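Structure assessment
Take a look at the letters that make up each chain.
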There are 2 protein chains.
Amino acid sequence: MGRDEGKRKITVYDTTLRDGAQGEGIHFSTQDKLSYVERIKEMGSLYVEAGWPGANPKDDNFFQLLKEQNIPMTHIAAFGSTCKVNESPENSEILLKLVASGAQTITIFGKAWDLHVRDVLRTNLAENLRLIRESVSFLVQQGHEVFFDAEHFFDGFKENPDYALKCIKMALEAGAAISILCDTNGGCLPADIARGVEAVMQEFAPRELGIHVHNDSGLAVANSLVAVEAGVTQIQGTWNGFGERCGNANLSTLIPLLQVKGNYTVLSESALHKITPFSRFVAELSNAPFDEKQPYVGRSAFAHKAGMHVDAILKNHRTFEHMDPLDVGNERRILISDQAGKANILERLRRFAPDILKEDPLVEKAMLEIKDMENHGFQFEAAEGSLDLLLVRILGRFSTPFEVLDYHVWSDPLRGELDSVAVVKVKVGEQTVHIASEGNGPVNALDTALRQALASFFPILEKSELVNYKVRVLDGSRGTEAIVRVIIDTRLGREVWGTIGVSNNILKASAQALLDAINWTIWKFEGGAC
Amino acid sequence: MGRDEGKRKITVYDTTLRDGAQGEGIHFSTQDKLSYVERIKEMGSLYVEAGWPGANPKDDNFFQLLKEQNIPMTHIAAFGSTCKVNESPENSEILLKLVASGAQTITIFGKAWDLHVRDVLRTNLAENLRLIRESVSFLVQQGHEVFFDAEHFFDGFKENPDYALKCIKMALEAGAAISILCDTNGGCLPADIARGVEAVMQEFAPRELGIHVHNDSGLAVANSLVAVEAGVTQIQGTWNGFGERCGNANLSTLIPLLQVKGNYTVLSESALHKITPFSRFVAELSNAPFDEKQPYVGRSAFAHKAGMHVDAILKNHRTFEHMDPLDVGNERRILISDQAGKANILERLRRFAPDILKEDPLVEKAMLEIKDMENHGFQFEAAEGSLDLLLVRILGRFSTPFEVLDYHVWSDPLRGELDSVAVVKVKVGEQTVHIASEGNGPVNALDTALRQALASFFPILEKSELVNYKVRVLDGSRGTEAIVRVIIDTRLGREVWGTIGVSNNILKASAQALLDAINWTIWKFEGGAC
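I will try to describe carefully the structure that is included in this document. Remember, it's a predicted structure, so these values are computed and weren't measured experimentally.

1. A look at the sheet that holds strand 2 (residues 11-14) of chain A
Residues and elements named next belong to chain A. Around the barrel, 8 strands lie side by side as 2-3-4-5-6-7-8-9; this closed barrel has parallel pairing. Each neighbouring strand pair of the sheet contributes to a mean axis angle of 25°, computed without reference to strand direction. Note that strand 2 and strand 9 (residues 234-237) share 4 bridges and pair parallel. Bridge assignment links Asp 14 to a residue of strand 9, and that residue is Gly 237. The strands touched by helix 9 (residues 220-229) within the sheet are strand 7 (178-183), strand 8 (208-213) and strand 9, with strand 8 carrying the most contacts at an inclination of about 170°.

What follows is the structure, given as structure tokens:
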């Protein structure tokens with residue numbers, strides 16, 4: 001704990017399963033949510049907002065399931081709202097469902113902007129204060145820890161500060177453990193956030209506050225930081241910044257920012273080391289693309305492309321790296337591109353030949369071969385599988401595991417699904433396999449046929465899968481005769497790597513990338529490991 | 001200009017083509033760069049950093065081309081560095097190439113962090129000051145407007161403030177028009193930025209300053225805002241935040257933030273209205289995925305999913321919307337007819353039916369059909385040929401000029417050129433033509449066969465040609481089964497228009513786009529003109 005001395009503790013309230021699921025393209029099944037609740041334990045004792053019981057049958061089922069499976073509800077929060085206008089808490093279906101959920105912590109939102117009270121609730125300002133006071137009080141009496149989300153607090157504070165503060169006062173007096181100040185529309189500037197938090201601190205300190213902001217101005221992380229600096233102790237957000245419109249405050253960014261750059265303790269050091277794989281796990285679970293440019297946790301976050309930067313990095317990491325990537329479970333990547341120099345290639349070669357010297361003629365050979373291929377449209381920064389395959393070939397450590405004797409495909413593009421058929425004939429050792437396979441389009445047919453033909457010889461191929469297929473037209477000025485570059489990403493377990501093909505025929509480029517993907521999988525996991 | 005009164009003017013220095021191109025997966029061909037320089041005029045008078053002449057042949061060629069094509073170089077900047085250690089500016093290849101580029105504005109970077117001087121340049125602190133002073137001075141004497149990028153200024157200022165300030169002093173005394181303070185590693189907090197800018201302002205005001213930051217802490221936009229608030233007048237960044245590692249400050253976010261939320265004038269109001277399509281254009285050009293969650297310009301930025309929010313939005317837009325999406329050329333997406341969308345479609349329909357009224361049910365029908373297709377991955381911004389074809393179909397003014405009875409292709413992707421054969425059977429009136437044609441790849445074979453079959457009936461097809469073929473994978477997460485969008489550009493004389501196809505089969509998508517291209521050519525130049 002020595003390193004944490006004097007650091008302020010910040011708690012995390014994770015709303016990925018609720019507010020995050022409002023994001024376009026984000027979906028969690030009940031099973032996904034169970035996996036989530038199980039896996040998030042490795043991050044330590046965060047609050048997990050698991051849904052809104054009563055809002056839809058899926059959320060009801062999930063809380064039911066948590067109870068049935070005896071999953072500890074200590075840090076599971078149920079989300080909902082105050083009771084309705086002219087309703088008493090005892091008769092509020094919303095509140096009764098929250099109590100029945102079994103969650104120990106209950107978070108309810110109430111209006112803190114007079115505009116909303118008038119135009120959305122269509123009631124008077126006093127009635128809204130009653131809703132807040134009585135709802136919080138009722139839940140506290142039922143033995144719950146109650147968090148109060150002051151919806152639109154900052155917009156309300158701008159237009160009617162007295163009323164916005166009164167809403168907070170109601171919740172705190174009624175026994176809310178924490179009041180969370182929300183920038184629900186995400187339009188506030190850091191100065192707005194600072195003013196709002198400071199006003200509440202002045203009035204109600206040392207009562208605890210939380211911050212919940214959206215990213216509509218690209219400032220969700222900065223605004224959360226400002227709030228913490230002004231005294232807030234709970235940050236609300238989602239992994240990868242998932243959420244409605246432009247998303248919520250991104251915990252994958254905010255947590256490392258506070259802990260590594262700021263003077264705060266958020267997670268344990270060992271949990272912080274897991275934040276990169278965990279963020280990726282959440283993206284996979286929700287079936288959303290993972291933003292590789294994300295600070296701290298993205299694949300590009302510590303990737304160096306310019307030759308000059310790489311040269312400096314090798315002299316002293318601090319020169320072009322703002323922190324140690326290992327602290328957040330990420331890694332440094334040296335990209336090989338037309339801007340790369342010998343230093344990049346040497347660093348990469350040393351993965352396979354740790355003792356190779358800068359002067360070794362193979363280094364020069366590798367560089368020339370790579371530059372030559374790059375001049376023909378290859379690009380290795382997103383195709384590390386093909387790059388490594390090339391390097392082990394140059395090092396004389398690769399022998400072809402199979403031979404392709406025939407490879408045909410035909411298509412009828414006006415037909416429906418499975419409109420393409422591929423025929424593949426391969427030779428492995430003395431054995432020959434001749435196989436045909438249908439597919440959605442010619443590339444899919446080629447891929448399926450090749451894997452089927454080889455799987456019995458190389459069972460590892462059944463465990464790997466193609467997860468991404470990218471096509472780039474390099475010189476589009478010759479119409480359909482243009483040069484195309486295909487990059488395919490393959491996943492095996494947690495590892496993902498790209499392979500590349502370049503040709504004026506999209507099928508040829510695809511076949512090249514497919515063959516590299518298969519060769520590299522076999523080399524790495526069957527031969528190369530020996 | 002009434003609305004801009006009292007607002008501070010901020011200039012934009014756009015480094016998308018240079019620093020943006022350092023981003024993983026970002027590449028611009030020479031033709032792409034020319035299109036960029038042409039199209040960016042609609043944003044007003046930004047500075048465009050077009051490359052580093054001398055760093056690689058591609059950048060050299062590009063500046064050469066700008067000169068040959070007499071493209072005005074007023075706001076084109078060339079990027080480079082100071083001369084080397086122990087070198088005089090007159091003998092510096094770097095500086096001479098910059099001068100030879102023909103750019104009026106030259107931006108050079110120099111070290112402002114003593115660590116870099118010692119560990120990367122491996123020289124003494126005085127020599128680095130000489131490099132800055134003499135390099136700037138030399139370029140100024142050659143008649144250039146010189147911008148000085150103080151690389152790693154903020155990290156340098158933290159560790160050796162006196163030296164960091166001396167570097168700025170050297171550049172300004174030598175005649176640099178602007179000194180740009182850089183957070184090159186992207187690890188600084190807003191407080192670091194404020195401190196650094198304030199110190200420079202105190203020493204050198206009213207000399208002009210710029211800010212250039214990276215997003216490694218998720219704060220590039222916030223840090224740029226802080227710098228502007230502290231007195232900086234030039235913002236450097238890239239569209240969509242492209243750039244090395246986590247990218248540069250995102251101009252697509254920062255410009256609306258300063259202009260709509262802050263008290264600054266950055267672009268003209270009409271240019272600000274174009275920022276959404278322009279950001280998308282840059283992504284398409286670089287073939288990088290467009291982040292739809294981006295503030296202001298993303299498709300999700302003003303999309304309302306929660307039923308309660310939509311209800312409130314209908315009562316009063318301000319309740320859940322922090323600004324008017326139209327101000328940045330974006331649109332609200334909810335399940336009601338969208339006035340802006342309708343207006344655009346109406347305007348387009350009037351090209352073919354000048355008297356059609358807003359209330360005509362065909363307007364509604366066209367809008368619904370377009371929205372539906374967009375939901376399935378179509379995107380008509382770059383495919384106006386397909387859009388117009390759809391509209392004349394809806395207006396009942398299109399009759400199919402030919403019928404495709406059969407359309408087959410087979411390929412042997414391991415063979416050499418002309419490895420694909422397409423067979424096409426078409427019916428025109430009572431006549432049937434059955435033809436086979438070879439091609440480089442299946443798409444080229446399909447194109448050639450179709451044109452050969454139809455050319456005798458529609459001679460205009462021999463005058464038109466395909467000039468561009470772009471493929472975009474929309475949802476890459478299902479490997480080779482991903483959805484692909486193909487856009488083909490056709491030229492006839494001076495006119496160029498795009499057509500589009502979307503499918504999980506790249507050949508089907510290509511065939512769709514090809515058929516649209518041919519149908520539109522025939523309609524427009526043979527039938528439609530009558």
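2. Some points on the packing of helix 1 (residues 30-39) of chain A against helix 2 (residues 57-68) of chain A
When two helices pack together, their arrangement is given by the angle between the helix axes and by the axis-to-axis distance. Residue and element names in this part refer to chain A. At a closest axis distance of 10 Å, the pairing of helix 1 and helix 2 adopts a crossing angle of 45°. With respect to helix 2, the element helix 1 is oriented oblique. For the pair helix 1 and helix 2, the sense of crossing is right-handed. In this structure, helix 1 contributes Thr 30, Lys 33 and Leu 34 to the contact, and helix 2 contributes Lys 58, Asn 61, Phe 62 and Leu 65.

3. A closer look at the environment of Arg280(A)
Note on placement: Arg280(A) falls in helix 12 (residues 275-286). A sequence separation of 53 residues divides Arg280(A) from Arg333(A), and the C-alpha atoms of the two residues are 17 Å apart.

4. As for the sheet that holds strand 14 (residues 420-428) of chain A
One key point about sheets: their strands pair by backbone hydrogen bonds, in either a parallel or an antiparallel sense. Pairing is antiparallel across the open sheet formed by 6 strands, whose spatial order is 15(A)-14(A)-13(A)-11(B)-12(B)-13(B). The open sheet terminates on both sides in strands that have one partner only, identified here as strand 15 (431-439) of chain A together with strand 13 (431-439) of chain B. Averaged over all pairs of adjacent strands, the angle between strand axes in this sheet comes to 10°, irrespective of strand direction. Judged from the 9 bridges that link them, strand 14 of chain A and strand 15 of chain A form a sheet pairing that is antiparallel. By the bridge assignment for strand 15 of chain A, Ser420(A) is matched with Gly439(A).

5. Re the nonpolar core
Ala77(A), Leu181(A), Ala77(B) and Leu181(B) are the most contacted members of the largest nonpolar core, which has 203 residues in total. If we skip the residues at most four places from it in the chain, Ala77(B) touches Tyr47(B), Val48(B), Glu49(B), Ala50(B), Ala103(B), Thr105(B), Ile106(B), Thr107(B) and Phe147(B). Counting 99 residues, the second largest nonpolar core, distinct from the first, contains Leu454(A), Val473(A), Val484(B) and Val486(B).

6. Observations concerning the pairing of strand 3 (residues 47-51) of chain B
Residue and element names in this part refer to chain B. In terms of burial, strand 3 is largely enclosed, as 5 of its 5 residues are buried. By the bridge criterion, 2 bridges tie strand 2 (residues 11-14) to strand 3 in an arrangement that is parallel. Bridge pairing links Tyr 13 to Tyr 47 in strand 3. Sheet analysis places strand 3 next to strand 4 (residues 76-81), joined by 3 bridges and oriented parallel. Residue pairing for strand 4: Glu 49 is matched across the bridge by Ala 77. Regarding topology, helix 2 (residues 57-68) serves as the crossover connection from strand 3 to the parallel strand 4, and that connection is right-handed.

7. Considering the interface of chain A and chain B
At the interface, 90 residues of chain A touch 88 residues of chain B. Only helix 4 (114-121), helix 9, helix 10 (251-261), helix 13 (307-315), strand 13 (403-411), helix 17 (442-454), strand 16 (465-473) and helix 19 (506-527) of chain A provide two or more residues apiece to the side of chain A that touches chain B. Examining the composition of the side of chain A that touches chain B, we find that 9 residues originate from one element, strand 16 of chain A, more than from any other. Counted by class, the side of chain A that touches chain B contains 38 nonpolar, 30 polar and 22 charged residues. Bridge analysis of strand 13 of chain A against strand 11 (residues 403-411) of chain B gives 3 bridges, and the strand direction is antiparallel.

8. Let's talk about helix 5 (residues 125-141) of chain A
All names here are of chain A. Spanning 17 residues, helix 5 covers 25 Å between terminal C-alpha atoms, matching the ideal 24 Å at 1.5 Å per step. Within helix 5 the residues assigned to the buried category are Asn 128, Leu 131, Ile 132, Arg 133, Glu 134, Ser 135, Val 136, Phe 138 and Leu 139. Taken together, the buried residues of helix 5 touch helix 3 (93-100), strand 5 (105-111), helix 4, strand 6 (145-151) and helix 7 (161-173). Looking at the residues trailing helix 5, positive phi occurs at Gly 143, about 90°.

Rules behind the numbers
Residues numbered from 1 in each chain as written. Chains lettered and ligands numbered in written order. Predicted model: local features only at pLDDT ≥ 70, side-chain atom pairs only at ≥ 80, totals over all residues. Pairing = 2+ DSSP bridges. Helix = DSSP H or I, 4+ residues; strand = E, 2+ residues; numbered from the N terminus. Axes fitted to C-alpha atoms, helices over the stretch in contact; angles between N-to-C directions. Contact = placed C-beta atoms within 7 Å. Parallel < 35°, antiparallel > 145°, perpendicular 65-115°, else oblique. Left-handed = near helix turned anticlockwise from the far one by under 90°. Core = buried A, V, L, I, M, F, W, Y, C linked by C-beta atoms within 7 Å. Buried ≥ 20, exposed ≤ 12 C-beta atoms within 10 Å, placed from the backbone. Right-handed = clockwise from strand over helix to strand, strands pointing away. Nonpolar A, V, L, I, M, F, W, Y, C, P; charged D, E, K, R; others polar. Expected span 1.5 Å × (residues − 1).

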